[in-house]
Amino acid sequence: MKHEYDFLVVGAGLFGATFACMAKQHGKKCLVIDKRSHLGGNVYCEDAEGITVHKYGPHIFHTHDEKVWNFVNRFVSFNRFTLNTIANYKGKLYNLPFNMYTFYQMWGVTQPEEARRIIESQRREAVMENPANLEEQAICLVGRDVYATLIKGYTEKQWGRACTELPASIIKRLPVRFTFDNNYFNDRYQGIPVEGYNVLIKGLLDGIEWRTGCNYLDDRAYFDGLADEIVYTGPIDEYFGWSLGFLEYRSLRFEQEMLPVSNYQGNAIVNYTERTVPYTRIVEHKHFEPGNGAVLSLPYTVVTREYPADYTPGSEAYYPVDNKRNRDLHAAYQDMGRCNVPHTWFAGRLGSYKYVDMGQAISSALKFSKALL
Ligand code: UDP
């Protein structure tokens, strides 16, 4: 029987919106639903008296993929924002990611060879051939001092476990450079939509039906009856009622505050790398708009403190915890989906249980659409 829609897309984040956009281009009729009261998933922004606030943590668009960059530029134009993160450890400031500025601040060295020598000697002292966990990997990459000052405390509060129990892959996300380059990303393209991420999502969903405040899992039979096929981008374990067990995530709590000063910290993101400071970073949203004099000169500012939090099933899932147990469990849920649920595709960040950047989310949605449509 032919249903009203070709596709029901569960989840109006970047993956779902990109898929719906491509489906429409292929002449397919889609309905996009989201349980939140707004579109956009975690890229959603809110206006606070003229300042665009990234409600679910800072989102900086970056990609090396020209196709992805050209695709998003069909909907929005990007500003020249480049992420240069500052780390505050016991009141002293360091540049991130790890580069010659960081090594100068740490050891007073001015030449790459001096920095390399120090890192090499700290690595040798720690005697590590094949780094087996995040601590060993970090010492190998940047030495013991940088690890103790900028990595250990931050990572242990962020992930709620010891660095020796975390995979090396987490720290490999950050570049290590022996040049004076504070750009957090190596990608060729970077920026933030001038009109904000909400405009990007509206552009992707132009001409497509959507409903917010709609939880698919509350009325599965009704929603299943609406479409020929379903693209489900929510947590796959929740879809199956956690019947094989819970996938672990790390969650976040945001504390937003408007302050009566024009410029609070002089940078979009300042990380607090000490274990005893309960938050990981403070985001000052107006600095995401460099060159926007009207916003930067406002006599007030909005900051958000980001607190890592334990995840309880059903609450907001942010970072997948990458270990063997969770990878195996996710694979078992995927098998369950393939074998028992016809016409439903599990995809996106939560469906595929992967920590992805926005560029990767769009790239995977474009590839997924190409395969399916
Ligand atoms: N990290 C760190 N110190 C910092 C920033 C990051 O040790 O000041 C480590 C930490 O383990 C974190 C990982 O690097 O989980 C990845 O950081 P990234 O900035 O990519 O995290 P995100 O912004 O995606 O939360």
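Residues numbered from 1 in each chain as written. Predicted model: local features only at pLDDT ≥ 70, side-chain atom pairs only at ≥ 80, totals over all residues. Heavy atoms only, no water.

Moving on: the overall build of the protein. For the protein, the helix and strand inventory stands at 12 helices and 16 strands. Taking 21 Å as the expected radius of gyration for a compact globule of 373 residues, we find that the protein reaches 22 Å, a close match to that expectation. With respect to the three principal axes, the spread of C-alpha positions in the protein is 70 × 50 × 35 Å. Each of the 373 residues in the protein was classed as buried or not, and the buried ones make up 55%. A sequence separation of at least 24 residues applies to 72% of the contacts in the protein between residues at least 6 apart. When the accessible area of the protein is evaluated, it comes to approximately 17,100 Å², of which 50% is carbon and sulfur surface. Across the protein, the 41 positively charged side chains and the 43 negatively charged ones have centroids separated by 3 Å. (Helix = DSSP H or I, 4+ residues; strand = E, 2+ residues; numbered from the N terminus. Rg over C-alpha atoms; globule rule 2.2 N^0.38 Å. Buried < 20%, exposed > 50% of the residue type's maximum accessible area, 1.4 Å probe, protein only. Contact = heavy atoms within 4.5 Å. Areas by Shrake-Rupley, 256 points an atom, 1.4 Å probe, with all protein chains shown as cover. Lys, Arg positive; Asp, Glu negative; His and termini not counted. Charge placed at Lys NZ, Arg CZ, Asp CG, Glu CD.)

Now for the pairing of strand 2 (residues 30-34). In terms of burial, strand 2 is largely enclosed, as five of its five residues are buried. Burial along strand 2 is two-sided: the face carrying Cys30, Val32 and Asp34 and the face carrying Leu31 and Ile33 are both buried. By the bridge criterion, four bridges tie strand 1 (residues 5-10) to strand 2 in an arrangement that is parallel. Bridge pairing in strand 2 places Phe7 opposite Cys30. Crossover handedness for the path strand 1 to helix 1 (residues 14-25) to strand 2: right-handed. (Pairing = 2+ DSSP bridges. Right-handed = clockwise from strand over helix to strand, strands pointing away.)

Let us look at the packing of helix 1 against helix 12 (residues 358-372). At a minimum axis distance of 8 Å, the contact between helix 1 and helix 12 shows a crossing angle of 35°. Helix 1 and helix 12 meet at a crossing whose hand is right-handed. Side by side, helix 1 and helix 12 meet where Leu14, Phe15, Thr18, Phe19 and Met22 of the first sit next to Met358, Ala361, Ile362, Ser364, Ala365, Leu366, Phe368, Ser369 and Leu372 of the second. For the contact of helix 1 with helix 12, a count of residues per class yields 11 nonpolar, three polar and no charged. (Axes fitted to C-alpha atoms, helices over the stretch in contact; angles between N-to-C directions. Left-handed = near helix turned anticlockwise from the far one by under 90°. Nonpolar A, V, L, I, M, F, W, Y, C, P; charged D, E, K, R; others polar.)

We now examine the site of the ligand. As a structural note, the neighbourhood of the ligand is formed by 17 residues, with Leu150, Thr155, Tyr184, Tyr319 and Tyr355 the closest of them. Here an oxygen atom of the ligand sits 2.9 Å away from a polar atom, N or O, in the side chain of Arg173. The side chain of Tyr319 places a nitrogen or oxygen atom 2.5 Å from an oxygen atom of the ligand. Alone, the ligand offers 530 Å² of accessible surface; in the complex the protein occludes 94% of this. The leading source of residues in the shell around the ligand is helix 5 (residues 134-159), at six residues. Partitioned by chemical class, the residues of the shell around the ligand number 11 nonpolar, four polar and two charged. (Near = heavy atom within 4 Å. Polar contact = N/O pair within 3.5 Å; in protein donor to acceptor, adjacent residues only side chain to side chain.)

A full pass over the atoms with the stated rule returns 21 salt bridges. Arg123 serves as the salt-bridge partner of Glu120, at 3.6 Å between the closest nitrogen and oxygen. Pair noted here: Glu120 and Arg123 are both in helix 4 (residues 112-125), with a separation of three residues, about one helical turn. Note that Asp145 is salt-bridged to Arg144, the shortest N-O span being 4.0 Å. Overlapping salt bridges bring together Lys2, Asp6 and Asp228 as one network. (Salt bridge = Lys/Arg side-chain N within 4 Å of Asp/Glu carboxyl O.)

Moving on, we get to the packing of aromatic side chains. A complete count under the given rule lists 32 aromatic pairs for this structure. Between Tyr319 and Tyr355 the ring centres are 5.0 Å apart and the planes differ by 35°, which places this aromatic pair in the tilted class. Separated by 36 residues along the polypeptide, Tyr319 in strand 15 (residues 319-320) and Tyr355 in the loop between helix 11 (348-351) and helix 12 bring together distant segments of the chain. Given the relative accessible area of 9%, Tyr319 is considered buried. Grouping aromatic residues by their ring pairs yields a cluster made of Tyr216, Tyr222, Phe223, Tyr232, Tyr239, Phe240, Tyr333 and Phe346. The ring centre of Tyr5 lies 4.9 Å from the NZ or CZ of Lys29, which sits over that ring. (Phe/Tyr/Trp six-rings, centres within 6.5 Å; stacked < 30°, edge-to-face > 60°. Lys NZ or Arg CZ within 6 Å of the ring centre and 35° of its normal.)

This part is about helix 4. With 14 residues, helix 4 extends 20 Å between its outermost C-alpha atoms, agreeing within 8% with the 20 Å of an ideal straight helix rising 1.5 Å per residue. Within helix 4 the residues assigned to the buried category are Ala115, Ile119 and Gln122. End-on view of helix 4: buried residues confined to an arc of 65°, all on one side of the axis. Along helix 4, exposed side chains directed more than 90 degrees from the buried face belong to Arg117, Arg124 and Glu125. Of the surrounding elements, those touching the buried residues of helix 4 are helix 3 (100-107) and helix 5. (Expected span 1.5 Å × (residues − 1). Arc of directions from axis to C-beta.)

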